[in-house]
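Overview (structure and organization)
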Amino acid sequence: MIPSCFILLIWYILSLPSPLFDVPYSTVVSDRDNELLGARIADDQQWRFPPSDSIPDKYKTCLIEFEDQHFRYHWGVNLLSVARAVKQNVAKGRIVSGASTITMQTIRLARKESRTFGEKLIEVILATRLEFSCSKDEILNLYASHAPMGGNVVGIEAASWRYFGHDIKYLSWAEAATLAVLPNSPSLMHFGKNRDKLLTKRNKLLEQLYSKGIIDKIDYELATSELLPPHPLALPQTAPHLVTKLYKEEGGKHIISTIDKYQQERTESILTRWNAEFAQNGVNNIAALVIDIEKNEVIAYCGNVHFEKSISANQVDVIQAPRSTGSILKPFLYCAMLQEGQLLPNQLLADVPINLNGFAPKNFSLQYDGAAPASEALARSLNVPFVVSLRNYSVPKFYNLLKEAGMTTLSRSADNYGLSLILGGAEGKLWDISCMYLQMAQSVNDFNDDGRYYQHKPLAYILKDDNNEKGDRNRQPIFAAGASWLTLEALTNVNRPEEIDWRSIPSMQKIAWKTGTSFGFRDGWAVGVNPKYVVGVWVGNSDGEGRPGLTGARTAGMVLFDIFNSLPQSRWFAQPTDDLVQAETCRESGCLKSINCPESSADTTWIPKKGSDAAVCPYHKLVHLSENMQYQVYEDCAGSRGIVHTSWFILPPSWEWYYKEQHPVYRTLPPYSPECRKDSNVKLMEFIYPFPNTTVNLPKQLDGSEGQIVFELAHRSPHNRVFWHLDNEFIGETKDFHKKEYIPSKGEHRLTVVDETGASLSIKFSVK
């Protein structure tokens, strides 16, 4: 007898399944304040939200009054109700009353078995067992989360949103009463049919509440006057691409995201407005990401526009899609070279036509400056200076830096990308690139706050208490504070799309920003940074179609500044002076001052510490001139002209050719006096085209015949006559403008020029 009782006791203890409900749940995503952003239906195609920790008191009151008035006082089975039910069923000769308590109904919902006397007995046993395991409120929560509410809606949370369009905490008495009576016969009576019966049941319950003094007369009259909703409502669709992302990653859960719903809705509104304008040019998609730097969290995630429309690939989450980067990676090269002392902020970089093993990059404007300060080249996004810089820095080294910084889309080798890596030869995700700009801002903020760097957690989009918790000290940051600050400072000088001087308007905040435009006008990028926020924007077509005028500045840049205007303003980064040093530099070259740089050219510049070991100015040279400054001379040939020694700013001939057009104050070195025509260490001429040891193609005329090649030369003294020879054959002379048209034969050639002073220059090239 004792063993049998023991076995029964063990069975009773273990009889309750765990978990009680083995069903799939909808994926529910809320913002940081637990406001619903959106949901995705459960795998069984039911709108069944995950169980809530609590349900509103109004619903509890209505449910207990309607279903089980003694719920708070029994142990899962109401014996008085059972006796009454037995009497009624015997009298009628059929089952007319089940005497089920809320606890028993919860068990029935979990088991989903046919209603028989045997099943009823099991429900009684398991109901008492459930009472031992759960509190009364927990049982109510289980019931409320799994009660059928008509159609494919299960549970009061899903029902509240589907029928009333709001969270359960805002349920009125009428709405709570409706949801309390609805599970009683959900298949026979719901919002789509038998509305009068549903209304009668609801009002009868409200009358009971009023008669018992649970609600007052005003509440009763207001509740009974409320109409039933005409049809189920659509769930909110805020941040739908993030909801879908979380559905794939954390399906079947209620996830509280880091999204600020108010900022999300404002950002979506901005994107929708600009999309209407861009769509007139056939540009149909926009994505934007807003990051709170201090919290290390995403506060707005707009993967695309018009998610609800099945056109223009609007369901594509462009934030996570690899797209051609254009020029958006240039700041990382500038920062890395500053940090390693390979570049100073305003150091002159070559901006002339080049050809590097067949790769001939051009600036977006198709113009050249000859030379440009590095910070200006970055602000103006000049292509040639950054290709030259990448060659000096090395492609594999930059490739590894990008990977270390979090760029996940570099699937090919560094050699495969080559120098085009800096001009959009690689693809990047808006997420990755925004996070890389985030790292620069974090480095500056960390160093300014504590004088050191920290490991940071990955950018968060699920709300947790420790998202912004700093990790171990980072002694080798990818982007140091000094170089990052100088980079961000340079990026504040990028011309804004509104074409106004923002510095002259006190209300306009200081923002570092960079644009990018991919080849073929397929992608427009803009990423902006201030001490509090990072904003990343992409504009284009999800299918990759290019459109004329689709540039980063004119599309993504416009959106970017509208988003920044919707955010709280922020002060600018403090200068991390402890990670910088002051150095004496040459104002003209941007390099460290050399002994040949005049004192009038001396400047004091903040540079990274390793910049102290950079090269000194190579362009200021000591030259010997006649006293009237009209000729170069030597001491042994100056004669009556006299001689003075002075510093002169001298650029290479090809640089000078373009530089002096943009800088009228630039002084070309005077020619040698007739008495001193000797070889000098100053290069007089340099070929602009063709490039040495390259292969050129003859152009085709409209009639199909072969066209001419235009040879071009830069000369420090353009008024000198220049004599042109191809393969030792004289082909003509030029003066002032040194361009020579000619049709060379196919094969290898040697081009030689000789000026009237006897200076000569030769290059080899091939014609294909």
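Placed above this text is the structure.
Now for a quick tour of the structure. (Residues numbered from 1 in each chain as written. Predicted model: local features only at pLDDT ≥ 70, side-chain atom pairs only at ≥ 80, totals over all residues. Heavy atoms only, no water.)

Take the side chain of Arg162 next. Within the secondary structure layout, Arg162 lies in helix H7 (residues 156-164). No salt bridge forms around the buried Arg162; measuring N to O, its nearest opposite-charge neighbour Asp44 is 13 Å away. Excluding its chain neighbours within four sequence positions, the residues that come into contact with Arg162 are Trp47, Val153, His231, Pro232, Leu233, Ala234 and Leu235. (Helix = DSSP H or I, 4+ residues; strand = E, 2+ residues; numbered from the N terminus. Buried < 20%, exposed > 50% of the residue type's maximum accessible area, 1.4 Å probe, protein only. Lys, Arg positive; Asp, Glu negative; His and termini not counted. Salt bridge = Lys/Arg side-chain N within 4 Å of Asp/Glu carboxyl O. Contact = heavy atoms within 4.5 Å.)

Summed over the entire model, instances satisfying the criterion amount to 22 aromatic pairs. Aromatic side chains Tyr210 and Tyr220 sit 4.9 Å apart centroid to centroid with 10 degrees between the ring planes, which places their arrangement in the stacked category. Here Tyr210, found in helix H9 (residues 195-211), pairs with Tyr220, found in helix H10 (residues 217-225); they are ten residues apart in sequence, far enough to count as distant. An aromatic cluster is built from Tyr619, Phe649, Trp655, Tyr659 and Tyr666, whose rings are joined through pairwise contacts. The ring of Phe71 has Lys136 lying over it, and the distance from NZ or CZ to the ring centre is 4.5 Å. The aromatic ring of Trp648 is capped on one face by Arg667, whose charged end is 4.0 Å from the ring centroid. (Phe/Tyr/Trp six-rings, centres within 6.5 Å; stacked < 30°, edge-to-face > 60°. Lys NZ or Arg CZ within 6 Å of the ring centre and 35° of its normal.)

A word on the nonpolar core. Ranked by internal contacts, the top residues of the largest apolar core, which has 131 residues, are Phe398, Leu402, Leu421, Tyr437, Val537 and Ile563. Tallying contributions element by element places helix H18 (residues 430-450) first for this core, with ten residues. When residues no more than four places from it in sequence are discounted, the contact partners of Leu421 are Leu329, Leu390, Val395, Phe398, Tyr399, Leu402, Leu410 and Ala426. Listed in part, the 58 residues of the second largest apolar core include Met104, Leu126, Cys134 and Ala174. (Core = buried A, V, L, I, M, F, W, Y, C linked by side-chain atoms within 4.5 Å.)

Before going further, it helps to spend a moment on the sheet that holds strand S21 (residues 709-715). As summarised here, the arrangement of the three strands in space is S19-S21-S24, forming an open sheet in which the pairing is antiparallel. Looking at which strands have only one partner, the edges of the open sheet turn out to be strand S19 (685-689) and strand S24 (739-742). Neighbouring strand axes in the sheet, compared pairwise and without regard to direction, differ in orientation by 25 degrees on average. As judged from the four bridges shared by S19 and S21, these two strands associate in the antiparallel manner. From the neighbouring strand, Tyr689 faces S21, where its bridge partner is Glu712. Its contacts with the sheet put helix H21 (residues 653-662) on S19 and S21, and the angle it makes with S21 is roughly 90 degrees. (Pairing = 2+ DSSP bridges. Axes fitted to C-alpha atoms, helices over the stretch in contact; angles between N-to-C directions.)

Inspection of the secondary structure assignment puts Asn448 in helix H18. In this structure the C-alpha to C-alpha distance between Asn448 and Gln575, which are 127 residues apart in sequence, comes to 7.8 Å. In this view, Asn448 contacts Ala574, Gln575 and Pro576; residues no more than four positions away in its chain are not counted. Here the side chain of Asn448 touches Ala574 through a polar contact of 2.9 Å, landing on its backbone oxygen. (Polar contact = N/O pair within 3.5 Å; in protein donor to acceptor, adjacent residues only side chain to side chain.)

Let us look at the pattern of salt bridges. With the rule as written, the count across this model stands at 25 salt bridges. Across the pair Glu65 and Lys212 runs a salt bridge, and its minimum N-O distance is 2.7 Å. Of this pair, Glu65 sits in helix H2 (residues 57-67) while Lys212 sits in the loop between H9 and H10, and the two are 147 residues apart along the sequence. Take Glu65: its relative accessible area is 9%, and that puts it in the buried class. Taking the relative accessible area as the measure of exposure, Lys212 reaches 47% and is therefore partly exposed. Among the ionic pairs, Arg273 bridges to Asp562, the shortest N-O distance being 2.9 Å. In this pair, Arg273 sits in helix H12 (residues 261-278) while Asp562 sits in helix H20 (residues 552-565), placing the two residues 289 residues apart along the sequence. By sharing partners, the salt bridges in this structure join Lys60, Arg72 and Asp137 into a single network.

Our next topic: helix H16 (residues 395-404). Among all positions in H16, only Val395, Phe398, Tyr399, Leu401 and Leu402 are buried. Considered in projection along H16, the buried side chains sweep an arc of 160 degrees and stay on one side of the axis. Packed against the buried residues of H16 are helix H13 (330-339), helix H15 (383-393), helix H17 (414-417) and H18. The N-capping residue of H16, defined by a side-chain oxygen 3.2 Å from the backbone nitrogen of Lys397, is Ser394. (Arc of directions from axis to C-beta.)

As a further point, take the environment of Ile763. Along the chain, Ile763 falls in strand S26 (residues 760-767). A relative accessible area of 8% places Ile763 in the buried class. With 45 residues separating them along the chain, Ile763 and Pro718 place their C-alpha atoms 20 Å apart. In this structure, Ile763 is in contact with Phe687, Pro690, Pro692, His749, Arg750 and Leu751, ignoring residues within four places of it in sequence.

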